[in-house]
Amino acid sequence: MLPLIAIVLSLVVILLLLGLCATLMMITKPYPQIVRYDDEKYFEDPSTRLKCPFPVLSDIPSVSLSVVVPAYCEEFRLPPMLDECFEYLERRSSNEPKFTYEVLVVNDGSLDRTSEVIMRYVEKYGSDKCRLVHLIKNRGKGGAIRLGVLSSRGEYILFADADGATRFSDLDKLQSAFQLILRKSKRIGSDPDWKIPAIICGSRAHLEQEAIATRSFFRTILMHGFHFLVWLFTVRGIRDTQCGFKFFSRSAARICFPNLHIERW
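Since the structure is predicted, the reported quantities are computational estimates derived from the model, not experimental observations.

### A look at helix H5 (residues 171-185)
- With 15 residues, H5 extends 21 Å between its outermost C-alpha atoms, agreeing within 8% with the 21 Å of an ideal straight helix rising 1.5 Å per residue.
- Restricting attention to buried positions, one finds in H5 the residues Leu171, Leu174, Gln175, Phe178 and Leu182. Along H5, the residues classed as buried sweep out an arc of 95 degrees about the axis, all on the same side. Every exposed residue of H5 that faces more than 90 degrees away from the buried side is listed here: Lys173, Arg183 and Lys184.

Written out as structure tokens, the structure is:
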């Protein structure tokens, strides 16, 4: 009797899994459909008040670094973050004549004055260095980052959170890690560095004990539970997957962002 019950239960489980797979095949698509409204394909040049088309990720890069900042209702947290960002980038461009940059701030359908705040920086630094990517409809963080990256011109692309939780000077550490990848993977006489697919993830794992000291016991339990699920189902070699400071070569960005399915995170 028991073997028969086990066989029946196994068949039920198999049928349920097959039904789930069939359902997923019917309701999902292998490649994401990227929705972009016409007005979202242009940025405003404050010197002429004309709308200019954004470049596309498949273009040859024309600046050294693109910084993409997703922002939703961030009119208060954006200014200190952008002040630090431009201070670092301006200082670096002065010290390194070949270094050029752009900052793309993606207003993800904000309900406050986020666009006005961004435009102040566009007017201050010019549209060659700062551009507003204005999304008509809120996409979520993933969707905002994707559209920002798809509009970028950089050989390398840095995604940075609007809260300024990571010091901008830490970019030097990410680029040093990229150089290590180059030394291990680059062939003699190969393509330019930006054609080497590489992703460098910033990490605040070394600050974990300090954060735990100020975090409630319940939040600490949730944090460890979330880290375990990430380790179990996704990546195991990255300690801090949630750090909003990630560095991509243009080649890696071309692979990752057009194939990004989840927009809300």
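Back to the write-up after that little detour.
### Some words on the pattern of salt bridges
- The tally for this structure, following the rule as stated, stands at 15 salt bridges.
- Of the charged contacts in the structure, one is a salt bridge between Glu74 and Arg77, with a shortest N-O distance of 2.8 Å.
- Salt bridges linked by common partners bring Glu44, Arg49 and Glu123 together as one network.

### Quick word on helix H2 (residues 78-95)
- The end-to-end C-alpha distance of H2 is 26 Å, a good match for the 26 Å that 18 residues give at a rise of 1.5 Å each.
- Listed in full, the buried residues belonging to H2 are Leu78, Pro79, Met81, Leu82, Cys85, Phe86, Tyr88, Leu89, Arg92 and Ser93.
- The inward-facing, buried residues of H2 contact strand E3 (63-71), strand E4 (101-108), helix H3 (114-125), strand E5 (130-135), strand E6 (154-160) and H5.

### A closer look at the confidence of the model for the protein
- Confidence in the prediction of the protein, expressed as mean pLDDT, is 84, and 80% of residues score 70 or more.
- Averaged pLDDT values over the elements of the protein bottom out at 46 in helix H6 (residues 208-214) and peak at 97 in E4.

### Comments concerning the nonpolar core
- Residues Leu65, Leu78, Leu89, Val103, Leu158, Phe168 and Phe247 are the most contacted members of the largest nonpolar core, which totals 37 residues.
- Elements with a minimum of two residues in this core: E3, H2, E4, H3, E5, E6, H5 and strand E8 (245-249).
- The dominant element in this core, judged by the number of residues it contributes, is H2, at 7 residues.
- Residue contacts for Phe247: discarding those within four places in its chain leaves Leu65, Tyr156, Ile157, Leu158, Leu171, Leu174, Gln175, Phe178, Ala198, Ile199 and Ile200.

### Looking at the sheet that holds E8
- What the 6 strands build is an open sheet, ordered E5-E4-E3-E6-E8-E7; its pairing is mixed. For this open sheet the edge positions go to E5 and strand E7 (199-201), each flanked by a neighbour on one side alone. For this sheet, the mean inter-axis angle between neighbouring strands, taken without regard to orientation, is 20 degrees.
- Relative to E4, E3 is paired through 7 bridges, and the arrangement is parallel. Along E4, the bridge assignment pairs Val68 with Leu104.
- Against the sheet, H2 engages E3, E4, E5 and E6, with an angle of about 165 degrees to E4.
- The strands touched by H5 within the sheet are E3, E6, E7 and E8, with E8 carrying the most contacts at an inclination of about 40 degrees.

### Looking at unusual backbone geometry
- Backbone geometry places Arg49, a non-glycine residue, at a positive phi of 60 degrees.
- Here Arg49 shows up in the loop between strand E1 (42-45) and strand E2 (50-53).
- Positioned with a positive phi, Cys73 is a non-glycine residue whose angle comes to about 55 degrees.
- Examined against the element boundaries, Cys73 turns out to sit in the loop between E3 and H2.
- Judged by its relative accessible area of 32%, Cys73 is partly exposed.

### Quick notes on the packing of H2 against H3
- Relative to each other, H2 and H3 sit at 20 degrees, their axes nearing to 11 Å. The pairing of H2 with H3 is recorded here as roughly parallel in orientation. Along this stretch, H2 crosses H3, giving a crossing that reads as right-handed. Seen from H2, the contacting residues are Leu78, Pro79, Leu82, Asp83, Phe86 and Glu90; seen from H3, they are Thr114, Val117, Ile118, Tyr121 and Tyr125.
- Grouping the constituent residues of the contact of H2 with H3 by class yields 8 nonpolar, 1 polar and 2 charged.

Rules used in this analysis
- Residues numbered from 1 in each chain as written.
- Predicted model: local features only at pLDDT ≥ 70, side-chain atom pairs only at ≥ 80, totals over all residues.
- Heavy atoms only, no water.
- Helix = DSSP H or I, 4+ residues; strand = E, 2+ residues; numbered from the N terminus.
- Expected span 1.5 Å × (residues − 1).
- Buried < 20%, exposed > 50% of the residue type's maximum accessible area, 1.4 Å probe, protein only.
- Arc of directions from axis to C-beta.
- Salt bridge = Lys/Arg side-chain N within 4 Å of Asp/Glu carboxyl O.
- Contact = heavy atoms within 4.5 Å.
- pLDDT = per-residue confidence, 0-100.
- Core = buried A, V, L, I, M, F, W, Y, C linked by side-chain atoms within 4.5 Å.
- Pairing = 2+ DSSP bridges.
- Axes fitted to C-alpha atoms, helices over the stretch in contact; angles between N-to-C directions.
- Parallel < 35°, antiparallel > 145°, perpendicular 65-115°, else oblique.
- Left-handed = near helix turned anticlockwise from the far one by under 90°.
- Nonpolar A, V, L, I, M, F, W, Y, C, P; charged D, E, K, R; others polar.

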